[in-house]
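Each chain, written out:
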Amino acid sequence: MSAVAITQEQVAHVAKLARLALSDAELKSVTSDLGQILEHVEQLQRLDTTDVLPTQHVAVTQMPMRPDTQHPTRLSHDAALSGAPRVLDGGFVVPGFMED
């Protein structure tokens, strides 16, 4: 058992702060999941990392590229739009995100 334990009361408190409504089943599941995550972190903290060099950076310096080519699809135009919540002039309607 982990020395670091998390209780359902703690999870419920954080959920309330985050304005999340969790059912009793969800609360139990999330508490279990977070407990397992804390156990894994505890295991990582016990590892001897004295000979491990620090990470200089984690950014990818060059993204792998692939050719940007068109391929025929088996999905019809109407089928593609059939699940869209809003359609206008034969295309998807999405919220604006840029100002003019």
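Provided above is the structure to which this section pertains.
Everything numeric in this text was worked out from a predicted model, so none of it was measured.

Colleague: Describe in detail the overall build of the protein, supporting the description with residues and values.
Modeller: Each helix and strand in the protein was counted, giving three helices and two strands. In terms of C-alpha radius of gyration, the protein reaches 24 Å, well past the compact-globule figure of 13 Å for 100 residues. Across its three principal axes, the protein shows a C-alpha extent of roughly 60 × 45 × 35 Å. When contacts within the protein are restricted to residue pairs at least 6 apart in sequence, long-range pairs at least 24 apart make up 33% of them. When the accessible surface of the protein is split by element, carbon and sulfur atoms take 58% of a total near 9,900 Å². If the 7 positive side-chain charges of the protein are averaged to one point and the 13 negative ones to another, these points end up 5 Å apart.

Colleague: Tell me about the side chain of T31, residues and numbers included.
Modeller: One can find T31 in helix α2 (residues 24-45). Residue T31 is classed as buried on the basis of its relative accessible area of 10%.

Colleague: Residues and numbers for a nonpolar patch on the surface, please.
Modeller: Judged by side-chain polarity, L34, I37 and V41 come together as a nonpolar surface patch covering roughly 220 Å² of accessible area. Residue position: L34 is located in helix α2. The partly exposed category is assigned to L34, whose relative accessible area is 33%.

Colleague: A description of the packing of helix α1 (residues 8-17) against α2 should follow, citing residues and the corresponding values.
Modeller: Each packed pair of helices is defined by two parameters, the angle between the axes and the distance between the axes. Relative orientation of the contacting elements α1 and α2 amounts to 105 degrees, with a least axis distance of 9 Å. Between α1 and α2, the angle falls in the class roughly perpendicular. Contact with α1, carried on its side by Q8, V11 and A12, involves L27, K28, V30, T31 and L34 of α2 and no other residues of that element. The residue inventory of the contact of α1 with α2, partitioned by class, reads five nonpolar, two polar and one charged.

Colleague: Go over the pattern of salt bridges, please, and point to the residues and values.
Modeller: Within this structure, the stated rule accounts for one salt bridge. Salt-bridge contacts for E42 lead to R46; the nearest nitrogen and oxygen are separated by 3.2 Å.

Rules used in this analysis
- Residues numbered from 1 in each chain as written.
- Predicted model: local features only at pLDDT ≥ 70, side-chain atom pairs only at ≥ 80, totals over all residues.
- Heavy atoms only, no water.
- Helix = DSSP H or I, 4+ residues; strand = E, 2+ residues; numbered from the N terminus.
- Rg over C-alpha atoms; globule rule 2.2 N^0.38 Å.
- Contact = heavy atoms within 4.5 Å.
- Areas by Shrake-Rupley, 256 points an atom, 1.4 Å probe, with all protein chains shown as cover.
- Lys, Arg positive; Asp, Glu negative; His and termini not counted.
- Charge placed at Lys NZ, Arg CZ, Asp CG, Glu CD.
- Buried < 20%, exposed > 50% of the residue type's maximum accessible area, 1.4 Å probe, protein only.
- Patch = residues over 30% accessible without salt bridge, like charges linked within 9 Å, V, L, I, M, F, W, Y side chains within 5 Å.
- Salt bridge = Lys/Arg side-chain N within 4 Å of Asp/Glu carboxyl O.
- Axes fitted to C-alpha atoms, helices over the stretch in contact; angles between N-to-C directions.
- Parallel < 35°, antiparallel > 145°, perpendicular 65-115°, else oblique.
- Nonpolar A, V, L, I, M, F, W, Y, C, P; charged D, E, K, R; others polar.

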